[in-house]
Amino acid sequence: MAPPWPYKEGDVKELRPKHPANNKGLARLTLKELKQHYANIIRSQPEKPIVIGHSFGGMLTQLMLNNDLAAAAVAIHSVPPMGVLPYEFSFLKSVWKSLGLFTSLDETYLMSFKDWQYAFVNDLPLDIQKAAYEALTIPESKVVSRGALTSEGKVDFSKPHAPLLMIAGEKDHITPVHLNKRNFHAYHTPGSVVDFKLYPNHNHFVLGLPDWRDVATYVHDWLN
């Protein structure tokens, strides 16, 4: 299952309006509401699922795990939850616009192609960068992004939890290796499994890279 966020149902052409004020539902969505959305989906299943998420979804995965909603979890290039200080320049450069400081919270944020090049697809050929941008980028909620800076984005790293695998990429600008490792090392509960896997040549676009099957196979084998 890959359930979308509220207000993100549909394809990219439908979700990328001409004006950022066209989707006030998404614009005003909160992290609390987003967490509840996924918690409700998980609780509706006949058993606890394996939860896997990438980037902000990686942080959501950590939050679902922290609430004892996962049988196991995989956080891929996870944006760090509150309590893991992200001081790396590349992280700040990549995400500060998504917070929408000094802009209307009634309008969504759409990453520019230039910012996409730096944050997601660095070191890839230009034609692949452009194709990925057109195929995947959609408006986002600045309110949700800001929610990660509040108690709604907090993880209790000392709480026992189901097994967690954290994956990082050496060329990732949004969540560079040191930031991923601080997130990993924040967990300190004896008896709870936390593993870390680093891919040397991966940027933040890991799920769209040619060797994505290698990552999927590693995750599959780790879960087994």
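Please read all numbers here as calculations on a predicted model, not as lab measurements.

Engineer: Explain the nonpolar core here, please?
Structural biologist: For soluble globular proteins, nonpolar side chains are generally found buried alongside one another. If you look at the biggest cluster of nonpolar residues, it comprises 47 residues, and the most contacted ones within it are W5, L34, F56, L60, W116 and L164. Where this core is concerned, the elements lending two or more residues are α3 (31-43), α4 (56-66), β2 (72-76), α5 (89-95), α6 (113-119), α7 (126-136), β3 (164-169) and α9 (177-185). Residues within four places of W116 in sequence aside, it is in contact with M111, V121, Q129, A132, Y133, L136, T137 and F205. Of all hydrophobic cores here, the second largest spans 9 residues; its members include I76, I167, Y199 and W222.

Engineer: Got a minute to help me understand the pairing of β3 in this structure?
Structural biologist: In regular strands, side chains alternate between the two faces of the sheet. Counted residue by residue, β3 has 6 buried out of 6 residues, so it is predominantly covered. Here β3 shows two buried faces, one formed by L164, M166 and A168 and the other by L165, I167 and G169. Both β2 and β3 contribute to a ladder of 4 bridges, which runs parallel. Within the sheet, the bridge partner assigned to A73 lies in β3 and is L164. Bridge count between β3 and strand β4 (residues 194-199): 6 bridges; the pairing is parallel. Its bridge partner being in β4, L165 is matched across the sheet by D195. Each parallel crossover has a hand, and the one from β3 via α9 to β4 is right-handed.

Rules used in this analysis
- Residues numbered from 1 in each chain as written.
- Predicted model: local features only at pLDDT ≥ 70, side-chain atom pairs only at ≥ 80, totals over all residues.
- Heavy atoms only, no water.
- Core = buried A, V, L, I, M, F, W, Y, C linked by side-chain atoms within 4.5 Å.
- Buried < 20%, exposed > 50% of the residue type's maximum accessible area, 1.4 Å probe, protein only.
- Helix = DSSP H or I, 4+ residues; strand = E, 2+ residues; numbered from the N terminus.
- Contact = heavy atoms within 4.5 Å.
- Pairing = 2+ DSSP bridges.
- Right-handed = clockwise from strand over helix to strand, strands pointing away.

Purely spatial values, then, with no claim about function.
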